[in-house]
Amino acid sequence: PNGCYSFDRIYYETKDTTRTVAVSASVLLDENCTLAIIEGEKKFAVKASQEEDYVFKFYKGKDSNGDNIFEEVIVPVN
């Protein structure tokens, strides 16, 4: 959300056929930060090791009730 935040790592959890993916950020506290929004792209490798379709759940944030929001993408395995 501002210049105090920086990329830390990609969170990746496997459970059955579902893969949960989120970005973990580091934040500088008690600093004067720019208001600049910093965008970037990160890649991660996924090894196809199952015969069932994969369900990827990408963390998008929280809703007004504080519940986690995910974007789900199903990747078929042929």
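Once a new chain begins, its residue numbering starts again from 1 and follows that chain's sequence as written. Residue-level local features of this predicted model are given only where pLDDT is at least 70; pairs of side-chain atoms are given and counted only at 80 or more, and the full residue set underlies all totals for whole chains, interfaces and linings. Values reported for side chains reflect all heavy atoms of the structure, with hydrogen atoms and water molecules removed beforehand.

*Asks:* I'm lost on the state of the cysteines in this one. Help?
*Replies:* Two cysteines joined by a covalent bond between their sulfur atoms form a disulfide. Cysteine sulfurs are considered disulfide-paired once they come within 2.5 Å of each other. Enumeration according to the criterion identifies one disulfide in this entry. There is a disulfide in this structure between C4 and C33, and the S-S distance comes to 1.2 Å. With C4 in the segment before β1 (5–15) and C33 in the loop between β2 (18–27) and β3 (54–62), this pair connects stretches of sequence that are 29 residues apart. The cut-offs for exposure are 20% and 50% of the maximum accessible area for each residue type, with area from a 1.4 Å probe on protein chains only; residues under the lower value are buried, those over the upper are exposed, and the others partly exposed. Its relative accessible area of 7% is what places C4 among the buried residues. We count a stretch as a helix when DSSP gives it H or I for four or more residues in a row; a strand needs E for two or more, and each element gets its number in order from the N terminus.

*Asks:* In this structure, what is going on with the pairing of β3? I would like to understand it.
*Replies:* Pairing between two strands requires that DSSP report at least two bridges joining them. For β2 and β3, the ladder comprises four bridges, and the chain directions are parallel. Among the inter-strand pairings, R19 is bridged to a residue of β3, identified as F56. Summarising the sheet, β3 and strand β4 (residues 68–75) pair through eight bridges and their orientation is antiparallel. The residue bridging Y59 from the neighbouring strand is F70, located in β4. Following β3, the chain reverses through five residues before pairing antiparallel with β4; G66 in that reversal takes a positive phi of roughly 85°.

*Asks:* Is there a simple way to explain unusual backbone geometry in this structure?
*Replies:* Most of the time, phi is negative for any residue but glycine, and the peptide bond is trans. Phi at D16 is positive, roughly 55°, even though this residue is not glycine. Checked against the element boundaries, D16 lands in the loop between β1 and β2. Classification of D16 by relative accessible area gives exposed; the value is 65%. One non-glycine residue, D30, lies in positive phi territory at about 55°. Assignment of secondary structure puts D30 in the loop between β2 and β3.

*Asks:* Is there a simple way to explain the environment of V77 in this structure?
*Replies:* Tracing the sequence through the fold places V77 in the segment after β4. The exposure class assigned to V77 is partly exposed, which follows from its relative accessible area of 30%. Spatially, the C-alpha atoms of V77 and A48 are 8.4 Å apart, while their sequence positions differ by 29 residues. Note on contacts: a residue pair qualifies if any of its non-hydrogen atoms lie within 4.5 Å across the two residues. Once residues lying within four places of it in the same chain are set aside, the contact partners of V77 are Q50, E51, E52, D53 and Y54.

*Asks:* Mind showing me how you'd approach the packing of aromatic side chains here?
*Replies:* Remark: the centre distance and the inter-plane angle together describe each pair of aromatic rings, the angle taken between the planes. Pairs were defined over the aromatic rings of Phe, Tyr and Trp, the Trp ring being its six-membered one, requiring ring centres within 6.5 Å. Orientation was assigned from the angle between planes: stacked under 30 degrees, edge-to-face over 60, tilted for the rest. Under the criterion given, the structure shown has four aromatic pairs. Chaining the aromatic ring pairs together yields one cluster made of Y54, F56 and F58. Any Lys NZ or Arg CZ found within 6 Å of a ring centre and within 35 degrees of that ring's normal is scored as a charge over the ring. Between the NZ or CZ atom of K42 and the centre of the ring of F7, over which it lies, the distance is 4.7 Å. In this structure, K57 packs its charged tip against the face of F70, placed 4.7 Å from the ring centre.

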